[in-house]
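Now for the letters of each chain:
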Amino acid sequence: MILHMRLMTSWMRVLHNSLYRSTKNSKLNRYSLKKILFRRKIGTRMKQVTEKLDAVAAERSKFHLRDMVVDKSIEFAASRDNGSILNAFRVVYGREEDAEEIVDILVNQVNDNEEITILPVIGAGGLGKTTLVRLVYNDQRVVEHFDKMIWVCVSDNFDLTTLLKAMIEFAAESAATDLANLDTLQHRLREFLNPKKYLLVLDDVWNENQAKWSELKNVLACGSTGSSIIVTTRLKEVADIMGTLPAHHLSRLSDEQCWMLLKERAFGQEKEEYPNLEAIGKQIVNKCGGVPVAKVLGGLLRFKREETEWIKVKESEIWELPENRILPALRLSYHHLPLALRQCFAYCAVFPRESRIEKGELIFMWMAHGYISPKGALEMEDVGNNICDELVLRSLLQYDSRDADEKTLIMHNLVRDLAQSIMENKIPGVQVQRANVGSASDHSKIREVNLGKKFIAFLKGNQSEMDMSFILNNFFRLRILDASRTRINELSSA
């Protein structure tokens, strides 16, 4: 069985690559056949691609695959529930006592500490660590207690220069483009923090390197008495390295609290009671294991009012997958997406954690990769806009609450983990791990390059120097070339 799955995966990878190759050659045909000198060359290429596809199709019989007619229609919701927008002031179920405890520590217990206080908040992914700290951060008692408040998402990039720049930009509410070296960054941050009582949140920390933390801590050793840092992490090692106080361990939610989350998302402000669905819903949240992914499941059930639909979710075999108890619940939302939305959702894995995703830019990227197409009277941009709204309704994407125009999207870290697992495991030949351009075994597999941010996809990785001519001459399947925020004004005629 394992050998069979490996052979099928290999076959899917060959098919995937062959289809990309055929797409590229069709474009060469369209634009180059007018030049007689290229006719023979292109004809030969197309013949090779056709033969390759025929060979791949012939191998299909080994896996007993057959043609099927699949309904690819998308039913978009007529309106969007504002509850899908991330909002720090919404009701947070099951974290009231945790929030009160942390507020008391910050405002009362460590107020006279001359040394900086560091409180780690530790818990498994998806338990709501960030939501809890946001609740504390926006508490009026905390806001009035501190002179300066800064929030930085760290993720897996614990680089001193990057973190200092992020703190300065948050404090100054403007870009720190004029700060070029580490010494300047250190002095500028101290100007913001001295002699103020500050609160700094370092969200989603993964760094276990004591030396790196010591470097940052030395810079932060300023401010007045009572200055504090809150660190959220999944790792006990991080809490042990950074904390000056015992870590606050976040417990799982009760089934009743999970049910309240699911109920709010599934029924919204609807007043009609559904006792039959409530019984099934409570059985569903039992499977959540106290993790607040019930919100995502509620989005999945948002427009479903038939018992059979709820029972189908409850009895899904996805719950039995040999993974942790969080991703199966999230993966369930993915499997209930219309087919046309799945690639669009999985593509979001290319954005780094905590990214603010420009909606228009995301839609253009989907278009470039061929994930969306016109539908009836709707242009591609309109279809992409509808897909964004649908993913928001299902709680897989969220509109940034700081953007009243709803042009910016964000993605929960756990949902991004789901998208990444799908990208790596469900789409053969596509990888999301970081890799240097020079180490990629086949440059022709690279389909996206961002010169400003210095990354490539797919494969995805970082590269300190990217030469335009090298990219254009070697990345044969390139679909997106983003040269914004660079000094490149025109392409060479060569």
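Look up: the structure comes first, before these words.
In short, a report on the structure. All values derive from a computational prediction rather than experimental measurement. Position labels on residues start from 1 in each chain and follow its written sequence. A pLDDT threshold of at least 70 governs which residues receive local features in this predicted model, and a stricter bar of 80 or more applies before side-chain atom pairs are shown or counted, although totals over entire chains, interfaces and linings include all residues. Values shown for side chains rest on all heavy atoms present in the structure; no hydrogens or waters enter the calculation.

Turning next to the overall build of the chain. Counting its secondary structure elements, the chain contains 19 helices and 12 strands. Burial status follows relative accessibility: with a 1.4 Å probe on protein chains alone, a residue under 20% of its type maximum counts as buried, one over 50% as exposed, and anything between as partly exposed. Of all 494 residues assigned to the chain, the portion counted as buried reaches 46%. Whether two residues are in contact is decided by their heavy atoms, any of which lying within 4.5 Å being enough. Within the chain, contacts between residues separated by at least 24 positions form 73% of all contacts whose residues are at least 6 apart in sequence. Surface accessibility of the chain: about 26,200 Å² in total, with carbon and sulfur atoms responsible for 49%. Put simply, DSSP H or I for four residues or longer makes a helix, DSSP E for two residues or longer makes a strand, and each gets a number counted from the N terminus. Surface accessibility follows the Shrake-Rupley procedure with a 1.4 Å probe radius. Residue values consider only the protein chains on display as shielding.

Turning next to the sheet that holds strand E7 (residues 398–399). Two strands are said to pair when DSSP picks up at least two bridges between them. Judged by pairing direction, the sheet is antiparallel, and its 3 strands sit side by side in the order E6-E8-E7 without closing on themselves. What marks the edges here is a single partner per strand, and that holds for strand E6 (357–358) and E7. With 2 bridges joining them, E6 and strand E8 (residues 408–410) adopt antiparallel strand pairing. For Glu-358, the partnering residue across the bridge sits in E8 and is Thr-408.

Below, the discussion takes up the side chain of Asp-400. Secondary-structure assignment places Asp-400 in the loop between E7 and E8. The exposure class assigned to Asp-400 is buried, which follows from its relative accessible area of 3%. In this structure the side chain of Asp-400 is engaged in a polar contact, spanning 2.7 Å, whose partner is the side chain of Arg-356. Apart from residues lying up to four places away in sequence, Asp-400 is in contact with Arg-356, Thr-408, Leu-409 and Ile-410. Here a polar contact is taken to be a pair of N or O atoms separated by no more than 3.5 Å, where protein atoms must pair a possible hydrogen donor with a possible acceptor and residues adjacent in sequence count only if both atoms sit in side chains.

Moving on: the pattern of salt bridges. We define a salt bridge as a side-chain nitrogen of Lys or Arg found within 4 Å of a carboxyl oxygen belonging to Asp or Glu. Following the criterion strictly, the structure yields 8 salt bridges and no others. The partner of Arg-95 in a salt bridge is Asp-98, and the shortest N-O contact between them spans 3.9 Å. The burial state of Arg-95 is the same as that of Asp-98; both residues are buried. Several salt bridges share partner residues, and in doing so they unite Glu-100, Asp-139 and Arg-141 into one network.

With 7 of its 8 residues buried, strand E2 (residues 148–155) lies for the most part within the structure. Bridge analysis of E2 against strand E3 (residues 198–205) gives 7 bridges, and the strand direction is parallel. The residue bridging Trp-151 from the neighbouring strand is Val-201, located in E3.

Strand order in the open sheet formed by 5 strands is E2-E3-E4-E1-E5, and the pairing between neighbours is parallel. Two strands lie at the open edges of the sheet, namely E2 and strand E5 (248–249), each paired on one side alone. Set on the sheet, helix H8 (residues 210–220) makes contact with strand E1 (117–122), E3 and strand E4 (228–233); between it and E3 the angle comes to about 165 degrees. To obtain each axis, a line is fitted to C-alpha atoms, and for helices this fit is confined to the stretch in contact; angles are then taken between N-to-C directions over 0 to 180 degrees.

Moving on to the packing of helix H6 (residues 160–172) against helix H7 (residues 182–193). It is the contact of H6 with H7, at a shortest axis distance of 10 Å, that shows an interaxial angle of 35 degrees. As for how H6 packs across H7, the hand of that crossing is left-handed. Here H6 contributes Leu-160, Thr-161, Leu-164, Lys-165, Met-167, Ile-168, Ala-171 and Ala-172 to the contact with H7, which in turn contributes Leu-182, Leu-185, Gln-186, Arg-188, Leu-189 and Phe-192. Polar here means any residue outside two lists: the nonpolar Ala, Val, Leu, Ile, Met, Phe, Trp, Tyr, Cys and Pro, and the charged Asp, Glu, Lys and Arg; Gly therefore counts as polar. When the residues that make up the contact of H6 with H7 are grouped by side-chain class, the tally is 10 nonpolar, 2 polar and 2 charged. The handedness criterion is simple: a crossing whose near helix is rotated anticlockwise from the far helix by less than a right angle is left-handed, and one whose near helix is rotated clockwise is right-handed.

With that out of the way, let us pick up helix H13 (residues 307–314). All buried positions along H13 are accounted for by Trp-310, Val-313 and Lys-314. Across the axial projection of H13, the buried residues extend over an arc of 100 degrees, all falling on one side. What points out from H13, more than 90 degrees from its buried face, is the exposed set Thr-308 and Lys-312. The reported arc concerns the directions from the helix axis to the C-beta atoms and nothing else.

Two numbers describe how H7 lies on H8: the axes approach to 9 Å, and their chain directions differ by 50 degrees. By the criterion of interaxial angle, the relationship of H7 to H8 is oblique. For the pair H7 and H8, contact is made by Gln-186, Leu-189, Arg-190 and Leu-193 and by Asn-218, Val-219 and Leu-220, respectively. Grouping the amino acids of the contact of H7 with H8 by side-chain chemistry returns 4 nonpolar, 2 polar and 1 charged. For classification purposes, an angle smaller than 35 degrees is called roughly parallel, one larger than 145 roughly antiparallel, one from 65 to 115 roughly perpendicular, and anything else oblique.

This part takes up the environment of Leu-199. Relative to the elements of secondary structure, Leu-199 occurs in strand E3. Accessibility expressed as a relative area gives 0% for Leu-199, which makes it buried. With near-sequence residues (within four places) excluded, Leu-199 lies in contact with Leu-106, Tyr-137, Val-142, Phe-146, Lys-148, Met-149, Ile-150, Ser-228 and Ile-230.

Let us look at the side chain of His-248. On the secondary structure map, His-248 appears in strand E5. Reaching out from His-248, the side chain makes a polar contact with the side chain of Asp-98 at a distance of 2.7 Å. Every residue in contact with His-248, bar those within four places of it in the chain, is listed here: Asp-98, Glu-101, Ile-102, Leu-119, Pro-120, Val-121, Ile-122 and Leu-132.

Let us look at the packing of aromatic side chains. Centres within 6.5 Å make a pair out of two Phe, Tyr or Trp rings, where for Trp the six-membered ring is used; the pair is then stacked when the planes are under 30 degrees apart, edge-to-face when over 60, and tilted otherwise. For the coordinates displayed, the defined rule picks out 6 aromatic pairs. On the basis of an interplanar angle of 85 degrees and a centroid distance of 6.2 Å, the ring pair of Tyr-347 and Phe-351 is categorised as edge-to-face. Like Phe-351, Tyr-347 is buried. Ring geometry for Tyr-347 and Tyr-371: centres 6.0 Å apart, planes at 70 degrees, overall edge-to-face.

Moving on: the environment of Ala-346. Looking at the element boundaries, Ala-346 is found in helix H15 (residues 339–347). With a relative accessible area of 0%, Ala-346 lands in the buried category. Spatially, the C-alpha atoms of Ala-346 and Leu-418 are 8.1 Å apart, while their sequence positions differ by 72 residues.

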